[in-house]
Amino acid sequence: MASVEIPMPDDWHVHLRDDDMLAAVVEHTARWFRYGMVMPNLRPPVQTTAQADAYRRRILNRVPAALSHFQPQMTLFVSHDLDLDDLGRGIEAGIVRAVKFYPPGATTNSDQAKGDLGEFDELFGRLVEWNTQLLVHAESTRSDVDLFDREAAFLDDHLAAVCARHPKLGVTLEHVSTAAGVEFVRSNPNVVASITPHHLSRERADLLAFGMKPDLYCKPVLNTAADRDALVEAAVSGDGQFFLGTDSAPHPTTAKYGPNVAAGVFNAPYGLEVVAEVFHQQEALEELGKFVSLNGAAVYGVPPSVDQLRLTRREAQDTIPERLRTSSGEEVVFFGVEEARLWHIEAVA
Ligand SMILES: [Zn+2]
């Protein structure tokens, strides 16, 4: 049986939501992850150090005692309302790990964003001083850009100019979804990228060709098979510019199975198994630890976990959980059940 041992992974991009959804989902991230980079796109968004600290406490209050290794890493939502002195204090105090830019209207709750990426030069200069990473949701919202070309258009229209003006700014291209994005990262030494389990393992035919699958609808949208192949190649290469960010984003079935499908894939429960299966299929399991545990930690300036996990491929299991129910009765469907049937994960004592 194929098997690999890795330091406990980090999830460098996760949506934990709030209230009863937070209570229902956080244990799934905390089970196998040490850190989670928690996205700030709540309503209202997390924009101050005090809000980040309060949200961090709400998260920790919901983590089961047995999973107390889990430490949320907090981010602030970029807009003109951001107070740079407050941000500086938050970073200094270790409460704020990074800031996240959303193009207005690109994805869940990003209608609250204000301003183009090019309007934040003062912030970017300060981030360089603070050695703090800018996290970017890279999707053009231009109406004349085709849905499947939005990442490339955003890189051309916005991020390339920012990288040229701020050559020392560390940028994470979040959930890179195209070959063009991979190429952009490779040609910009200060740009790195997170990659999701769903973009590594699915492409747009899975979403659209065999009956439309709301559970696979996300932003950025799953792109072509060639784009997926470029992401897989980058992930299994061991290249330190690429690492795991699940973009796990729970939406209840009431928001997923309707006329306006909410964008997001809930992969926290089985995302690690999905990535393991991708690496196994590429005969690259020995590179898994770099992608899920080492590369991202190096980017964010932390040592890898000293705890170890063992992942072992097994005979497919028939019955594993496929959805959760929140305290208010909503259900959320798990992504990656097929892969999770094939993998056993355990802590190494
Ligand atoms: Zn996200």
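Please read these numbers as outputs of a predicted model, since none were measured by experiment.

A. Region of interest: helix 9 (residues 225-236). Look at helix 9: 16 Å from first C-alpha to last across 12 residues, which is about the 16 Å you get at 1.5 Å a residue. Buried residues belonging to helix 9 abut helix 6 (179-186), strand 8 (191-195), helix 7 (197-201), strand 9 (242-244), helix 11 (271-281) and helix 12 (288-299). Trailing helix 9 by a residue or two, Gly 238 shows a phi angle of about 85 degrees, which is positive.

B. The environment of Thr 141, seen in detail. Within the secondary structure layout, Thr 141 lies in the loop between strand 6 (133-136) and helix 5 (150-165). For the pair Thr 141 and Phe 154, spaced 13 residues apart in sequence, the C-alpha to C-alpha distance is 8.2 Å. Residues within four places of Thr 141 in sequence aside, it is in contact with Pro 103, Pro 104, Gly 105 and Ala 106.

C. Layout of helix 6. Residues of helix 6 that are buried include every one of Gly 181, Val 182, Phe 184 and Val 185, and no others. Buried residues of helix 6 fall within an arc of 160 degrees about the axis and therefore sit on the same side.

D. Spotlight on unusual backbone geometry. Cis geometry is found at the peptide bond from Arg 43 to Pro 44, where omega equals -10 degrees. Inspection of the secondary structure puts Pro 44 in the loop between strand 3 (35-38) and helix 2 (49-62). With an omega of -10 degrees, the peptide bond between Lys 219 and Pro 220 qualifies as cis. With respect to the helices and strands, Pro 220 occurs in the loop between helix 8 (204-208) and helix 9.

What counts and how
Residues numbered from 1 in each chain as written. Predicted model: local features only at pLDDT ≥ 70, side-chain atom pairs only at ≥ 80, totals over all residues. Heavy atoms only, no water. Helix = DSSP H or I, 4+ residues; strand = E, 2+ residues; numbered from the N terminus. Expected span 1.5 Å × (residues − 1). Contact = heavy atoms within 4.5 Å. Buried < 20%, exposed > 50% of the residue type's maximum accessible area, 1.4 Å probe, protein only. Arc of directions from axis to C-beta.

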